[in-house]
Amino acid sequence: MDRNVTTTDDVLALMDGLFAPAADRWTAGGASWWDDFYADRSRTVPFFVDKPDESLDGYLREGLITPDRALDLGCGPGRNALHLAALGFDVDGVDLSPEAIAWARERAESAGAHGVRFHRGDAFALTAAGAALAGPYDLIHDSGCFHHLPPHRRISYLALLERCLAPGGHFALTCFAAGEGGMGSELPDAELYRTGGLQGGLAYSPEALRHVFSGLTEIELRRMNDEDPPSPLFGKSFLWTALFRAPARD
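A brief structural summary. Quick caveat, the model's predicted, so the values are computed rather than measured.

## Structural notes on the nonpolar core
A general feature of soluble globular proteins is that nonpolar side chains tend to end up buried together. Ranked by size, the top nonpolar core spans 33 residues in total, and within it I140, F146, Y157, F171, L209 and F213 carry the most contacts. Mapped by element, the contributors of at least two residues to this core are β1 (69-73), α6 (123-126), β4 (137-143), α7 (154-164), β5 (165-176), α9 (206-212) and β7 (239-245). Residues in contact with F146, not counting those within four places in the same chain, are R154, Y157, L173, Y204, L209, V212 and F213. By size, the runner-up hydrophobic cluster in this structure holds 20 residues, among which are L60, A81, V116 and A172.

Have a look at this one:
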């Protein structure tokens, strides 16, 4: 008889197990799925390009964020982390996939980049209290990680922001957009547990994002601008881009 659930972490781990193995892309066990995804670098995948999000570049140009210490969650091949480092940020990039991290380090070496470090592993574990990446960070950036989390792991994600984001710091997010022209599953949270999958990623409405991140102040929330005509920046209109600010210390 198994009666081992006594903590919040036990509940979260139990709920992780309600999803089929193929849906496991947010824990260390999902690394092999992402390795297969990144193995062929010649594939036409939008975020394989070596250029930053147009939104992140805009926040910098408009002075909404300024160079300081940054954490890039789900950094992939490092396109946004390297852009931040080039503009004077001290950056830690985190990804589950050894393939992605190897690619990011190759890009950093090729560019002669300084002030950026890439870490392979589970972001929740690497940023745990007392861990090397526990912060505080003045900027936490996420382009494509959040929408791969199951609903119950939003609790873990919010705890990460609470733990690692400096008072008055900024959180920048790019994720699947619900509605016309969007991308990702719009199934209700409860239905995801019935099906045992995340349908490739979860779409969010503006209202849902504002609800999830209600403890932060919204600076901007909009659809990402398309690369039309082709641009030196990354932009796809099926994504939301958002910037939030943490409360300042009293």
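## Observations concerning the sheet that holds strand β3 (residues 116-120)
The pairing of strands in a sheet comes from backbone hydrogen bonds and takes either a parallel or an antiparallel form. Judged by pairing direction, the sheet is mixed, and its 7 strands sit side by side in the order β3-β2-β1-β4-β5-β7-β6 without closing on themselves. Lying at the two open borders of the sheet, with one neighbouring strand each, are β3 and β6 (217-223). For this sheet, the mean inter-axis angle between neighbouring strands, taken without regard to orientation, is 15°. Bridge count for strand β2 (residues 90-95) against β3 is 5 bridges, and the pairing is parallel. Within β3, the residue paired with V94 across the bridge is H119. Of the strands in this sheet, β1, β2, β3 and β4 are in contact with helix α4 (residues 79-86), which crosses β3 at around 155°. In this fold α7 packs onto β1, β4 and β5, with an angle of close to 145° to the strand it touches most, β5.

## Examining the packing of helix α3 (residues 54-61) against α4
Packing of α3 against α4 brings their axes to within 11 Å, and their N-to-C directions diverge by 15°. As summarised for this structure, α3 and α4 are arranged roughly parallel, according to the angle between their axes. Both α3 and α4 take part in a crossing whose hand is right-handed. Of the residues in α4, those touching α3 at L56, D57 and L60 are N80, H83 and L84. Broken down by class, the residue content of the contact of α3 with α4 amounts to 3 nonpolar, 2 polar and 1 charged.

## A short note on a nonpolar patch on the surface
A surface patch of nonpolar side chains, amounting to about 250 Å² of accessible area, comprises V5, V11 and L14. For L14, the location among the structural elements is in helix α1 (residues 8-16). With relative accessibility at 54%, the residue L14 sits in the exposed group.

## Points about the state of the cysteines
Across all of its chains, the model carries 0 disulfides by this definition. The thiol of C145 is unpaired, and the distance to the nearest cysteine sulfur, on C75, comes to 9.8 Å. Classification of C145 as partly exposed rests on a relative accessible area of 22%. For the unlinked cysteine C164, the closest cysteine sulfur is that of C145, found at 13 Å.

## Describing the pairing of β4
Burial of β4 is extensive: 6 of the 7 residues sit out of reach of the surface. Pairing of β1 with β4 involves 4 bridges; the strand directions are parallel. Among the inter-strand pairings, L73 is bridged to a residue of β4, identified as D142. Judged from the 6 bridges that link them, β4 and β5 form a sheet pairing that is parallel. Looking at β5, one finds that L139 is bridged to H170. For the crossover from β4 across α7 to β5, the handedness is right-handed.

Here is what the cut-offs are and how they apply
Residues numbered from 1 in each chain as written. Predicted model: local features only at pLDDT ≥ 70, side-chain atom pairs only at ≥ 80, totals over all residues. Heavy atoms only, no water. Core = buried A, V, L, I, M, F, W, Y, C linked by side-chain atoms within 4.5 Å. Buried < 20%, exposed > 50% of the residue type's maximum accessible area, 1.4 Å probe, protein only. Helix = DSSP H or I, 4+ residues; strand = E, 2+ residues; numbered from the N terminus. Contact = heavy atoms within 4.5 Å. Pairing = 2+ DSSP bridges. Axes fitted to C-alpha atoms, helices over the stretch in contact; angles between N-to-C directions. Parallel < 35°, antiparallel > 145°, perpendicular 65-115°, else oblique. Left-handed = near helix turned anticlockwise from the far one by under 90°. Nonpolar A, V, L, I, M, F, W, Y, C, P; charged D, E, K, R; others polar. Patch = residues over 30% accessible without salt bridge, like charges linked within 9 Å, V, L, I, M, F, W, Y side chains within 5 Å. Areas by Shrake-Rupley, 256 points an atom, 1.4 Å probe, with all protein chains shown as cover. Salt bridge = Lys/Arg side-chain N within 4 Å of Asp/Glu carboxyl O. Disulfide = S-S within 2.5 Å. Right-handed = clockwise from strand over helix to strand, strands pointing away.

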